[in-house]
Amino acid sequence: MPPTDHQKHLDQCWSACWHRARRPVEGVLVPEERAIEIAEQVMRNIALDFAELPAEAEFTARVIQETGEATRDLVAAERRKKADPQLHHDPEDRRYPQNLDLDRLQKAHPARGFHDPEWNRLPDVLRPLAIATLTRKGIKGADAEDVFSDSLVELVRDRESTRPAPILSPTVFEELIPLHARIVQYRAIDWFRRRSALKNQPNSGESFDALTGDPDRPLQIEDQAASRMSFESIYQECREALTTNEWQLIYSLYVAQTATVQDLVRDADFCTALGIKKGASSSTRRRVIGEMVEDALEKIRENLLF
């Protein structure tokens, strides 16, 4: 990669790093000066780990991931030190009235489990968001309350010895909001499946015609906003599934958006690096690149299905 390309890549990484330090998760807002300090430290630390600059996708994914982790850790530590759960909360975030004390929510008694009084306040924070989501899906009234109750139970249910209760995953309270939204989605899917099973039984009662789409295909009824994944999360999940060239294609076209397919078709050196024979026509290059992109996206889809 020419020096000018290296510099352009680093500039893009710096911008992405700073923005993630400024807003490590929706609802958290760090002052600009602190974001600069965090971004500089992360970029410096990661750069020392490499003898030479790695592929853009790998470097960018790691930079963004470690920046987010470092910023969330910093915010959590400062909130804990000052006993102020609202510290660094974005004043423009009006999804719910205020943050709760995450440390108290995550504190579990050996025998009684999660019983801190802060849990008495959590339903009032989460219920309006959950009920709004369930209403859009057609689940209302007592059914919606049942699904919501199930979602709260799911927050504290241990999965496996290596996968503790979901409530223990967040570092800052703001992460609990999308986490609970995903749980609500899955519980809604279970509700639709149960209704579908009842419909197929003789004399089961109420019709299920109101449901659009196949309840056995979760993506049909998924809340896209809550399920959106970041690039660094996708990279970590699918890292081994794609080749370096495939990651470079995905990164250039969809993440950095520094090129279009037509731009890549015109780049003879890039096409050669992809294994396209020198002298191949533009249509051939376009076809090969298109096929590689589709293959790469399909690998990502397959690895993200769970």
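Residues numbered from 1 in each chain as written. Predicted model: local features only at pLDDT ≥ 70, side-chain atom pairs only at ≥ 80, totals over all residues. Heavy atoms only, no water.

The packing of two helices is summarised by the inter-axis angle and the distance between the axes. Remark: helix α9 (residues 231–238) packs on helix α13 (residues 282–304), axes separated minimally by 9 Å, with the N-to-C direction vectors making an angle of 80 degrees. Taken as axis vectors, α9 and α13 run roughly perpendicular relative to one another. Seen from α9, the contacting residues are Ile234, Glu237 and Cys238; seen from α13, they are Ile300, Asn303 and Leu304. Residue composition of the contact of α9 with α13, grouped by class: 4 nonpolar, 1 polar and 1 charged. (Axes fitted to C-alpha atoms, helices over the stretch in contact; angles between N-to-C directions. Helix = DSSP H or I, 4+ residues; strand = E, 2+ residues; numbered from the N terminus. Parallel < 35°, antiparallel > 145°, perpendicular 65-115°, else oblique. Contact = heavy atoms within 4.5 Å. Nonpolar A, V, L, I, M, F, W, Y, C, P; charged D, E, K, R; others polar.)

Right, let's talk about the confidence of the model for the protein chain for a bit. Residues with a pLDDT of 70 or more make up 85% of the protein chain, whose mean pLDDT is 83. The spread of mean pLDDT over the elements of the protein chain runs between helix α8 (residues 224–227), the lowest at 45, and helix α4 (residues 102–106), the highest at 97. Counted against residues more than four places away or in other chains, residues 203–226, with its pLDDT under 50, gives 36 contacts. (pLDDT = per-residue confidence, 0-100.)

Moving on, we get to the nonpolar core. Ranked by size, the top nonpolar core spans 26 residues in total, and within it Leu105, Leu122, Leu126, Ile139, Leu155, Phe173 and Leu176 carry the most contacts. Of all the elements in the fold, those that place two or more residues in this core are α5 (122–136), α6 (141–155) and α7 (176–199). The biggest single contributor to this core is α7, with 8 residues. In this structure Leu155 touches Trp119, Leu122, Leu126, Ala165, Pro166, Ile167, Leu176, Leu179, His180 and Ile183, once residues within four positions along its chain are discounted. In this structure, Leu253, Leu264, Val288 and Val293 belong to the second largest nonpolar core, which totals 14 residues. (Core = buried A, V, L, I, M, F, W, Y, C linked by side-chain atoms within 4.5 Å. Buried < 20%, exposed > 50% of the residue type's maximum accessible area, 1.4 Å probe, protein only.)

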